[in-house]
Amino acid sequence: MKVGVVTFPGSLDDVDAQRAVRLGGHEAVALWHGDHNLQGVDAVVLPGGFSYGDYLRCGAISRFSPVMTEVVEAAGRGMPVLGICNGFQILCESHLLPGALVRNQRQKFLCLDQRLRIERTDTPWTAAYAEGQEVVIALKNGEGSFVADTETLDRLEGEGQVVARYLGENPNGSLRDIAGVSNERGNVVGLMPHPEHSVEELCGTGTDGLGFFALATLAAEVFA
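I will try to describe carefully the structure that is included in this document. Once a new chain begins, its residue numbering starts again from 1 and follows that chain's sequence as written. Local features in a predicted model are, by the rule used here, given only for residues with pLDDT of at least 70; side-chain atom pairs are given and counted only at 80 or more, and totals for whole chains, interfaces and linings are based on all residues. Water and hydrogen atoms play no part in the side-chain values, which are based on all heavy atoms of the structure.

Here we look at the pairing of strand E1 (residues 2-7)
Using a 1.4 Å probe on the protein chains alone, a residue whose accessible area is under 20% of its type maximum counts as buried, one over 50% counts as exposed, and one in between counts as partly exposed. Runs of H or I in DSSP of at least four residues are treated as helices and runs of E of at least two as strands, each being numbered from the N terminus. Most of E1 is tucked away: 5 of the 6 residues are buried. Paired strands, in this sense, are two strands between which DSSP finds at least two bridges. Pairing analysis gives 6 bridges linking E1 to strand E2 (residues 27-32), with the strands arranged parallel. Considered in E2, the bridge of Lys 2 is made with Glu 27. Orienting the strands away from the viewer, one traces the path from the first strand over the helix to the second; a clockwise path indicates a right-handed crossover. Once you follow E1 into helix H1 (residues 14-23) and on to E2, the crossover reads as right-handed. Across 3 bridges, the pairing between E1 and strand E3 (residues 43-46) is parallel. Bridge pairing in E3 links Gly 4 to Val 44.

As for the pattern of salt bridges
Note on definitions: salt bridges are taken to be side-chain nitrogens of Lys or Arg within 4 Å of carboxyl oxygens of Asp or Glu. Evaluated as defined, the whole model comprises 11 salt bridges. When the shortest N-O distance is used, the salt bridge between Glu 119 and Arg 117 registers 2.9 Å. The partly exposed category is assigned to Arg 117, whose relative accessible area is 27%.

Details of the packing of aromatic side chains
To pair, rings of Phe, Tyr and Trp, with the six-membered ring standing in for Trp, must have centres within 6.5 Å; the planes then decide the type, stacked if under 30 degrees apart, edge-to-face if over 60, and tilted in the middle. Throughout the structure, instances matching the rule amount to 2 aromatic pairs. Between Phe 88 and Phe 146 the ring centres are 6.0 Å apart and the planes differ by 20°, which places this aromatic pair in the stacked class. Taken as a pair, Phe 88 in helix H3 (residues 86-93) and Phe 146 in strand E8 (residues 145-147) lie far apart in primary sequence, 58 residues in all. Here the two residues Phe 88 and Phe 146 agree in accessibility, since each one is buried. On the basis of an interplanar angle of 55° and a centroid distance of 5.1 Å, the ring pair of Tyr 129 and Phe 212 is categorised as tilted. Residue Tyr 129 is found in the loop between strand E6 (110-118) and strand E7 (134-141), and its partner Phe 212 is found in the loop between strand E11 (188-191) and helix H5 (218-222); the two are separated by 83 residues along the sequence.

Written as structure tokens, this is what we have:
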């Protein structure tokens, strides 16, 4: 599969995401924020970083970039889209995912190895995991606290849209320990931890994040 990785001004982890895509067995395609062209990719990753300097709100300017017009349209047709950290914020600002990401509860940037439980496995991004599987993935954010109103939280829980949940001490104050969510269809996933930093034994937290980039054939078969 061809997986596009978008670079915005201020993106930090786009090259890491490209490498993770290749380690997952796919072709990484660099996409530019200013282009109305997804170059025929089969899936898209919005990487972590500080797009447009995080001015206004994290992701608030990025949602208006030309490439996001194409991403929103493609997601509506079923293309798999993964937003990591800042990418998660962009997906929320673009209304592809519910809720919002706000300043960490302790008002500090954090960086740690975080235990997670995978809760939804019928998405193209999580199909490599078993439901309930516990993993350790790098986490680094300053505005990573997931919030939503009670009705939205209940709907996410009831419809199985919580993709991953923090285990142990809640690192950033996310409501109901939510680390990642999906849209109803499951093709769009937002994740605050950084699986692209957990794909090799040599550095980071090991290889628990590699499953997010496996994609296998599920995306092509289910979301065609």
